[in-house]
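Topology and contacts: notes
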Amino acid sequence: MGSGNRLLRPLRCREPPFVKISVSRTNPDDIDRETLERESLGALDWPLLLKALEARVGSVPGREKVRGFALAASLTEARIRQNETTELRRLLDDGISVPTGGLRDIRGHTASAEKGATLVARELLDVADTLTACHRLKEAINAHAHLCPTVQATAGRMHDLQDLTRLLEVSFTSSGDLSPETYPAVGQLRNRILALHQTIQNRLSSLLLTEELAPLAQDHYATMRGERYVVPLKVQARSMDVGIVHDTSGSGQTVFVEPRQVVPMNNELKVAEAELRRTEAKILANLSARVAGAAGRIRENLDLFAEIEVMYARARLSQDLEATPPVLSSRPLMRLRRVRHPILALRGLDVVPNDLSIGERHQAIILSGPNTGGKTVALKTMGLCALMARSGLHLPAESGSQVGFFENVLTDIGDRQTVEADLSTFSGHMLTLKGILEALGSHGTRTLVLIDEIAAGTDPAQGAVLARALLESFADTGARIVATTHYAELKTLPVEDQRFVNARVIYDPVRLCPTFRVEVGVPGRSFAFDVAERLGMPNRVVERARGWLEGGQRALEDLLGELEKTLSRVRDEKTLLERERKALEAKRREYAASLERLEKDKVRFQREAVAEFEREVHKAREQIRVIVRDLQRRGSDRLRRAGAARRRVEDVAAKVRGLAPDGQGRPERRVPWTELKPGTKVWISGMGKTGTVVAVPDQHGGMVETMVGGLRVKAWPEDLRRPPADTEIASAPRRPGVPERDTGASRSRPISVPPPPRPEELTHAIQTSTNILDLRGLRVDEALSRIDHFLDRAALRGDTIVFLIHGHGTGALKRATREHLEHSPYIVAFQPGAKHQGGDGVTVVGLG
């Protein structure tokens, strides 16, 4: 057999994929490449997978595409197919429907039209339905092009045949007749024919009542004979020349006569019907010609529709298998994560998942273990996954599984014994293995070879060494190989040749049943003696059999038995640790959920505390407004009442310190007198600002001079607290000469209250960062509320002049602001700002 470029030919299922092909060979020493490839596909149950794919396709052209399904010829094509499946699977998972129904197999109709035949109405309607289905599918794909750009590239190649579709749709009624609205001549002829029918029937009814025909009437109705209207008369009418006799009843007593009076009308009816048929035939011929003119484009649309339908079937199969897209690699490797056999999974069986890999660190796998343990299933799973990855099918494995592009998957699986070709089991296997070796040639790097029970069916000693020679020869070509065996000699091969690695199917030695799990790195035992003992075989028989084992083989079996027990203990401990890890993880999640609930409760409590604080502050502000009004009326008591009001506000502030949602409360601890030194940072509770001590009085109890924001401010020692750690020293500048406010600790000390500002002071006042309120952009009601809060704070600070910036605009905000100031208890005077203060867009306010 030749090699080289022939390996690049894509595998193709050339026969109907659901029929097991029995090949008869006249020369048992020869097996051709095509037969080897086809039988390899059959041995892997690839036709069954195609059958599952075909079951998800609705149209005849789509099913034909599945039957002629060819694997991708290149890695690029395989990746495109995988993208198509992934995109449509995404639509399926998102609940987006892809309309793949409504397609008719109209290839015969278009071929007839191209040959000049006139299509009947039903055939033309089939064409219209198919064109509509193609357009509907194309529009649906285009609507989600951002989710399926690869599929859209295929749908975008469909021809726009909407003009023909609309013509066919409007040409026929729902009952399949030519539409009289579209073709008025047809409607007129039908109406004329209908009227003639009615006229003839009426005329015959009246004739049966005349003196001439009434005595001869056998019955009073009109009927048709030879597509002409007649009436039933007695047999004697035959000789009375009343009309043309068209038929006689079975008894011979009745003749069906066309009265001579209606002969012209029957003739007219026949002419009208013939004209209608000619008109309809002409219209159908024209429509058929239109279909013939678009036949090539129709066939292309039909083919593209079927192609997308197969893509959609792949996506549906992916969803049914809960499959994932493989990562396609240019390297000949396979790394499958928790993979399941797809045919078994489709049957609804609880398939044990396995991690299977080859081609990264090792070129070949020697898979051993007891019969019915799952070796052949693992073998077929790897072969099917190689084919599925290449064909655009997702794998029944976890996400991230990687598969290389294998140009060929060649197998020797199953019994090839046949009497017809005079082949024994061993001979059949040898022919296949010879064919595989010839197909590999000298370069089989991109070929996956799967062999079940290599070199079985002959003398074990000779079979073992022959199997080793074959495996080494396969490996020399660079092929990736997975072979199952019971030969103990092959289990030592990985020790001598690093290209090979052992693997086993795990068997439960206690219950003597397979687990169907594959473990790489460890050879497997056959468990023949164990099974025999468990099934009641006499011990003397089993021990005699053990004694006949050769020394090296007995030692190997004993070693594998001890290894099996050790690994079983390790698996049990691993299971226990995993169970404990899951329990700890559950506790961790429970703890995290509790913390989250506590955090939510904390935020809720903080919000409730802040809301309570706002209510208390609102009450205090109302009290202050009342007190200020009293101060204006009774100046003698105003210092005491002002101090009490301020203490009330500070008490409220103290009540909620530390309750702010950010957790930053104001400092509570008072600074001892001994620590008050120049440079000490302090919080001035009366101002709510942080400052630095500049000078301390000689006598204990005097006012301390501090620097706040570049201004010197005096404060009583009782008002000085330790500052928060994260508080920046930043305080609003104060007017020179304004004395500090009273506190609870200093309420008995005299304090001087500055006089109200004079007009010239308002004119020359300077704006600072704390005596300005910008109202621009606010609604009137919002602005007035801001003014009240701002004046409250300014009064507490002891400010005497503030600035309200309202701008010009329509003048509404300015008028509302100044009207509001006229009723404020804090205000002694206000005026528009001077030019350097912002002009009439600013109101300068004097506080009393």
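Residues numbered from 1 in each chain as written. Predicted model: local features only at pLDDT ≥ 70, side-chain atom pairs only at ≥ 80, totals over all residues. Heavy atoms only, no water.

1. Section: the overall build of the protein
For the protein, the count of helices and strands is 24 helices and 23 strands. For the protein, buried positions account for 45% of its 848 residues. The long-range share in the protein, meaning contacts at least 24 apart out of those at least 6 apart in sequence, stands at 68%. Entry remark: accessible area of the protein is about 42900 Å², with carbon and sulfur atoms responsible for 52%. (Helix = DSSP H or I, 4+ residues; strand = E, 2+ residues; numbered from the N terminus. Buried < 20%, exposed > 50% of the residue type's maximum accessible area, 1.4 Å probe, protein only. Contact = heavy atoms within 4.5 Å. Areas by Shrake-Rupley, 256 points an atom, 1.4 Å probe, with all protein chains shown as cover.)

2. Some remarks on the sheet that holds strand β13 (residues 500-508)
Spatially, 6 strands are ordered β10-β11-β12-β8-β13-β14 in an open sheet, and the strand pairing comes out mixed. A strand with exactly one partner marks an edge of an open sheet, and here the two such strands are β10 (408-412) and β14 (513-520). Adjacent strand axes in the sheet meet at a mean angle of 15 degrees, parallel and antiparallel pairs treated alike. Of the pairings in the sheet, the one linking strand β8 (residues 364-368) to strand β12 (residues 480-485) comprises 5 bridges and is parallel in character. Residue L367 lies in a different strand from β12, and its bridge partner there is T484. Sitting on the sheet, helix α13 (residues 375-391) is in contact with β8, β10, β11 (447-451), β12, β13 and β14, with an inclination near 160 degrees to β11. Lying over the sheet, helix α15 (residues 460-476) contacts β8, β11, β12 and β13, oriented at roughly 165 degrees with respect to β12. (Pairing = 2+ DSSP bridges. Axes fitted to C-alpha atoms, helices over the stretch in contact; angles between N-to-C directions.)

3. Observations concerning the side chain of N771
Within the secondary structure, N771 sits in the loop between α22 (759-764) and β20 (772-774). Here I766 takes part through its backbone oxygen, which lies 3.2 Å from a polar atom of the side chain of N771. A polar contact is formed between the side chain of N771 and the backbone nitrogen of T768, at a distance of 2.7 Å. Setting aside residues no more than four positions away along its own chain, N771 makes contact with I766, F790, I801, V802 and F803. (Polar contact = N/O pair within 3.5 Å; in protein donor to acceptor, adjacent residues only side chain to side chain.)

4. Considering the environment of K270
On the secondary structure map, K270 appears in helix α10 (residues 263-293). The residues contacting K270, other than those within four sequence positions of it, are G226, E227 and R228. Here the side chain of K270 touches E227 through a polar contact of 2.7 Å, side chain to side chain.

5. Focus: the sheet that holds strand β2 (residues 228-234)
The sheet built from 4 strands is open, its strands ordered β1-β2-β4-β3 with antiparallel pairing. Where the open sheet ends on each side, the last strands, each with one partner, are β1 (223-225) and β3 (243-248). Strand-to-strand twist of the sheet, defined as the mean angle between neighbouring strand axes without regard to direction, takes the value 50 degrees. Where helix α9 (residues 184-207) meets the sheet, it contacts β2 and β4 (254-259), and its direction lies at approximately 15 degrees from that of β2. Here α10 sits on the sheet in contact with β2, β3 and β4, set at roughly 145 degrees to β2.

6. Overview of unusual backbone geometry
The residue D45 is not glycine, and still its phi comes out positive at about 65 degrees. With respect to the element layout, D45 can be found in the loop between α1 (33-43) and α2 (46-54).

7. Things to note about the confidence of the model for the protein
Taken as a whole, the protein shows an average pLDDT of 82; of its residues, 81% reach a score of 70 or greater. Residue range residues 1-26 is modelled with pLDDT below 50. Its contacts to residues more than four positions away, or to other chains, number 62 contacts. A low-confidence stretch, residues 417-422 stays under pLDDT 50, and its non-local contacts, those more than four residues away or across chains, total 7 contacts. (pLDDT = per-residue confidence, 0-100.)

8. Concerning a nonpolar patch on the surface
Together, Y591, L595 and L598 give the surface a local cluster of nonpolar side chains, amounting to about 340 Å² of exposed area. Tracing the backbone shows Y591 in helix α20 (residues 551-633). Judged by its relative accessible area of 55%, Y591 falls in the exposed class. (Patch = residues over 30% accessible without salt bridge, like charges linked within 9 Å, V, L, I, M, F, W, Y side chains within 5 Å. Salt bridge = Lys/Arg side-chain N within 4 Å of Asp/Glu carboxyl O.)

9. Considering the packing of helix α8 (residues 162-171) against α10
Across the interface, α8 lies against α10 with an axial gap of 11 Å and an inter-helix angle of 155 degrees. In terms of their interaxial angle, α8 and α10 are classed as roughly antiparallel. For α8 against α10, the interelement crossing comes out left-handed. Residue-level inspection shows L164, L167, L168 and S171 of α8 in contact with α10, the latter providing L287, R290 and V291. (Parallel < 35°, antiparallel > 145°, perpendicular 65-115°, else oblique. Left-handed = near helix turned anticlockwise from the far one by under 90°.)

10. A closer look at the pattern of salt bridges
Evaluated as defined, the whole model comprises 41 salt bridges. Between E114 and R299 there is a salt bridge, and its shortest N-O distance comes to 2.8 Å. Placement of E114 in helix α5 (residues 107-114) and of R299 in helix α11 (residues 295-321) is noted, with a sequence separation of 185 residues between them. Note that R468 and E472 form a salt bridge whose closest N and O atoms lie 3.0 Å from each other. In this pair, R468 and E472 both sit in helix α15, 4 residues apart, roughly one turn of the helix. Overall, the relative accessible area of 25% leaves R468 in the partly exposed class. Residue class for E472 comes out partly exposed when judged on its relative accessible area of 24%. Through salt bridges with shared partners, one network takes in R104, R122, D126 and D129.

11. So, helix α3 (residues 60-67)
One full turn of an α-helix is made of 3.6 residues, so residues set three or four places apart face in the same direction. The set of residues buried in α3 consists of P61, G62 and V66. Viewed along the axis of α3, the buried residues span an arc of 145 degrees, placing them on a single side of the element. Contact partners of the buried residues in α3: α2, α5 and α11. A side-chain oxygen of the first residue of α3 lies 3.0 Å from the backbone nitrogen of G62; this N-cap is S59. (Arc of directions from axis to C-beta.)

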